[in-house]
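Topology and contacts: notes
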Amino acid sequence: MSLSTRMVAVLTSVGLLSGGFLAGVGLLTKERIALNKQQEIEEKISAVVPGTYSIEKFYEEKDLTVYGGKDKEGKLIGLAIHASGMGFQDKITFMMGTNTSLTKIFSLAILEQTETPGLGAKVDDKKSFLRFWENKDCSSILTLRKPAASSPEELGTSEINTITGATITSEAILNTANSSLERVRQLIKEGKVSSEGQDAN
Amino acid sequence: MPTKTIREEFVKGLWDENPIFRQLLGMCPTLAVTNAVINGFAMGLATSFVLIFSSVVVSSIKKLIPNQVRIASYIVIIATFVTMADRFLAAFFYPISKELGPYVPLIVVNCIILGRQEAFSSKNTVGRSLIDALGMSLGFVLALLILSSIREILGMGTFLGHQVMGSWFKPWIIMVLPPGAFITLGILLAIALQIERKTKSRR
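Here we summarise the structure given alongside this text. (Residues numbered from 1 in each chain as written. Chains lettered and ligands numbered in written order. Predicted model: local features only at pLDDT ≥ 70, side-chain atom pairs only at ≥ 80, totals over all residues. Heavy atoms only, no water.)

1. Quick look at the overall build of chain B
The cut-off we apply is this: Helix and strand assignments follow DSSP, with helices taken as H or I runs no shorter than four residues and strands as E runs no shorter than two, numbered in order from the N terminus. In this scheme, a residue with accessible area under 20% of its type's maximum is buried, one over 50% is exposed, and one in between is partly exposed, where area comes from a 1.4 Å probe on protein chains only. Contact between two residues is taken to exist if any of their heavy atoms lie within 4.5 Å; hydrogens are not considered. Note that accessible areas follow from Shrake-Rupley with a 1.4 Å probe, and for residues the cover is restricted to the protein chains shown.
Along chain B, the regular secondary structure elements total 8 helices and 2 strands. Across chain B, helices and strands are ordered from the amino to the carboxyl terminus as α-α-α-α-α-α-α-β-β-α. C-alpha extents for chain B along the principal axes are approximately 60 × 50 × 25 Å. Here chain B holds 203 residues, and 46% of them are scored as buried. Once local pairs closer than 6 in sequence are excluded, the contacts in chain B between residues at least 24 apart make up 75%. On chain B, roughly 9900 Å² of surface is accessible, and the fraction owed to carbon and sulfur atoms is 72%.

2. Remarks on the packing of helix H1 (residues 3–48) of chain A against helix H4 (residues 70–92) of chain B
Geometrically, a packed helix pair is captured by the angle between its two axes and the distance between the axes. Short version of the rule: Only the stretch in contact is used when fitting a helix axis, every axis being a line fitted to C-alpha atoms; angles between N-to-C directions are given from 0 to 180 degrees. Working definition: roughly parallel below 35 degrees, roughly antiparallel above 145 degrees, roughly perpendicular at 65 to 115 degrees, and oblique for all remaining angles.
Relative to each other, H1(A) and H4(B) sit at 10°, their axes nearing to 8 Å. Comparing the axis directions of H1(A) and H4(B) gives the class roughly parallel. Every residue of H4(B) that contacts H1(A) at Val10(A), Leu11(A), Val14(A), Gly15(A), Ser18(A), Phe21(A), Leu22(A), Val25(A), Thr29(A), Arg32(A), Ile33(A) and Asn36(A) is listed here: Ala72(B), Ser73(B), Val76(B), Ile77(B), Thr80(B), Thr83(B), Met84(B), Arg87(B), Ala90(B), Ala91(B) and Phe92(B).

3. A closer look at the nonpolar core
Selection rule: Think of a nonpolar core as a cluster: buried Ala, Val, Leu, Ile, Met, Phe, Trp, Tyr and Cys residues, connected wherever their side-chain atoms sit within 4.5 Å.
Counting 39 residues, the largest nonpolar core has Ile20(B), Val50(B), Ile78(B), Leu100(B) and Ile107(B) as its most contacted members. Contributing elements (two or more residues each) for this core: H1 of chain A together with helix H3 (37–61), H4, helix H5 (94–100), helix H6 (111–121), helix H7 (126–156) and helix H8 (178–202) of chain B. For Ile107(B), the contacting residues outside a window of four places in its chain are Met43(B), Ala46(B), Thr47(B), Val50(B), Val82(B) and Ile113(B). In this structure, Leu64(A), Leu108(A), Ile163(A) and Leu181(A) belong to the second largest nonpolar core, which totals 31 residues.

4. Points about the interface of chain A and chain B
Here is the rule we go by: When two parts are brought into contact, each loses some accessible area as probed by a 1.4 Å sphere; the total of that loss over both is the buried area. By definition, a salt bridge exists where a carboxyl oxygen of Asp or Glu is found within 4 Å of a side-chain nitrogen of Lys or Arg. Whenever two N or O atoms come within 3.5 Å, that pair is a polar contact, provided that in protein one can donate a hydrogen and the other can accept it, and provided that, for residues adjacent in sequence, both atoms are side-chain atoms. In this classification, the charged set is Asp, Glu, Lys and Arg, the nonpolar set is Ala, Val, Leu, Ile, Met, Phe, Trp, Tyr, Cys and Pro, and all remaining amino acids, among them Gly, are polar.
Taken residue by residue, the interface counts 19 residues in chain A and 20 residues in chain B. Both faces combined, the contact of chain A with chain B buries some 1800 Å², and carbon together with sulfur accounts for 73% of it. For the pair chain A and chain B, the number of links is 1 salt bridge. A salt bridge links Glu40(A) to Lys98(B); the shortest N-O distance between them is 2.8 Å. Inspection of the region where chain A meets chain B yields 8 residue pairs in polar contact (both at pLDDT 80 or more). For the side of chain A that touches chain B, the element with the most residues is H1(A), which contributes 17 residues. For the side of chain A that touches chain B, the per-class residue count stands at 11 nonpolar, 4 polar and 4 charged.

5. Thoughts on the packing of H6(B) against H7(B)
Residues and elements named next belong to chain B. To keep things clear, this is the line we draw: Crossings are assigned a handedness: left-handed for a near helix turned anticlockwise from the far helix by less than a right angle, right-handed for a clockwise turn.
Where H6 contacts H7, the two axes come as close as 11 Å, and the packing angle between them is 150°. In terms of orientation, H6 lies roughly antiparallel with respect to H7. Between H6 and H7 lies a crossing of right-handed hand. Residue-level inspection shows Ile 112, Arg 116, Phe 120 and Ser 121 of H6 in contact with H7, the latter providing Arg 128, Ser 129, Asp 132, Met 136 and Phe 140.

6. Some thoughts on unusual backbone geometry
Geometrically, the link from Lys146(A) to Pro147(A) is a cis peptide bond, its omega value of 0° lying close to zero. Within the secondary structure, Pro147(A) sits in the loop between strand S7 (143–145) and strand S8 (159–161). Positive phi, close to 65°, is recorded for Asp63(A), a residue that is not glycine. The class for Asp63(A) is partly exposed, based on a relative accessible area of 27%. The phi dihedral of Leu24(B) is positive, around 50°, even though this residue is not glycine. As for its position among the elements, Leu24(B) is in the loop between helix H1 (6–11) and helix H2 (27–32). On the basis of relative accessibility, which here comes to 44%, the residue Leu24(B) falls in the partly exposed class.

Put into structure tokens, the structure is as follows:
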């Protein structure tokens with residue numbers, strides 16, 4: 001066998017073997033991983049829609065899932081918007097809790113992000129980012145405050161703080177939040193997402 | 001080449017050729033995930049798993065691999081075990097997997113692993129490669145444990161999440177942040193060098 005044939009043969013078989021092997025591992029662990037993710041999603045929904053007792057999935061499309069959080073009596077108390085958008089490094093996935101009429105954001109929680117540690121990764125930090133999302137008015141478009149404010153009180157009712165040094169990441173989340181709010185409003189109009197419930201204010 | 005005894009082959013990874021303190025390999029995970037003992041330990045185990053299995057596989061098929069494509073083949077083999085470790089952590093240790101984040105997939109570029117394949121497994125028998133990988137892994141895990149213990153105790157006042165420092169202790173937050181990793185590693189390397197010098201002059 002000539003050298004080049006041998007090289008091709010060896011690399012191909014190494015690739016095929018490892019591919020086949022990994023396919024097996026993937027099959028074995030897939031269900032378990034999906035279950036873990038499901039559990040995490042449920043935890044985050046309860047965190048962003050306070051008082052959630054049961055959860056109903058209303059709608060799902062690429063990069064956007066809408067859940068409804070219900071209280072003990074089964075009354076809808078808020079919507080949890082599970083959305084992803086491109087950040088600085090990779091997709092950022094978050095869960096945003098709003099009231100049923102989409103006028104107020106309860107809070108935001110990050111599910112997945114791989115931003116730069118120390119800069120963009122601060123989106124998952126309560127003190128530097130998440131607390132600036134609490135109780136925001138989202139009846140109009142959310143805007144970005146830049147340069148960053150130091151406390152939530154300094155921000156306008158629908159203003160979101162920037163993370164210093166990570167404007168792209170902050171903007172990415174803001175844009176995803178705005179576009180998903182817009183989309184959910186449309187879904188409510190189309191009747192695909194229920195908004196029957198009492199707003200907790 | 002096999003002039004060392006099996007025992008020496010194992011022990012060298014602990015000190016003489018310790019991947020972190022003596023060879024300064026695999027610095028990325030060493031600095032990045034040693035902010036808590038549990039993370040350092042999980043990273044150490046995941047890396048050990050990959051190193052041990054890759055060494056065994058590489059040393060057993062070393063004669064089949066043409067020299068020109070050896071690095072590519074090693075990387076595919078290493079990547080296979082890394083992916084396995086990553087999936088396994090995500091399935092059974094989800095919180096740790098989230099905490100380690102991108103650093104588990106990054107084991108594939110950990111120089112310790114490719115370095116051992118290139119420097120050892122590709123030239124030695126399966127048995128010796130296994131012993132070498134075990135020693136190197138243990139050396140790596142121990143180094144990560146030392147580093148992460150110091151950082152967690154000083155940075156959070158806890159060990160494995162349990163409070164070990166009294167209430168008088170004010171955590172040095174910087175120790176769990178990136179600078180703490182560099183400071184701790186620097187001091188440990190200085191100590192290691194000092195010990196090495198002393199033992200050398202005694203020989």
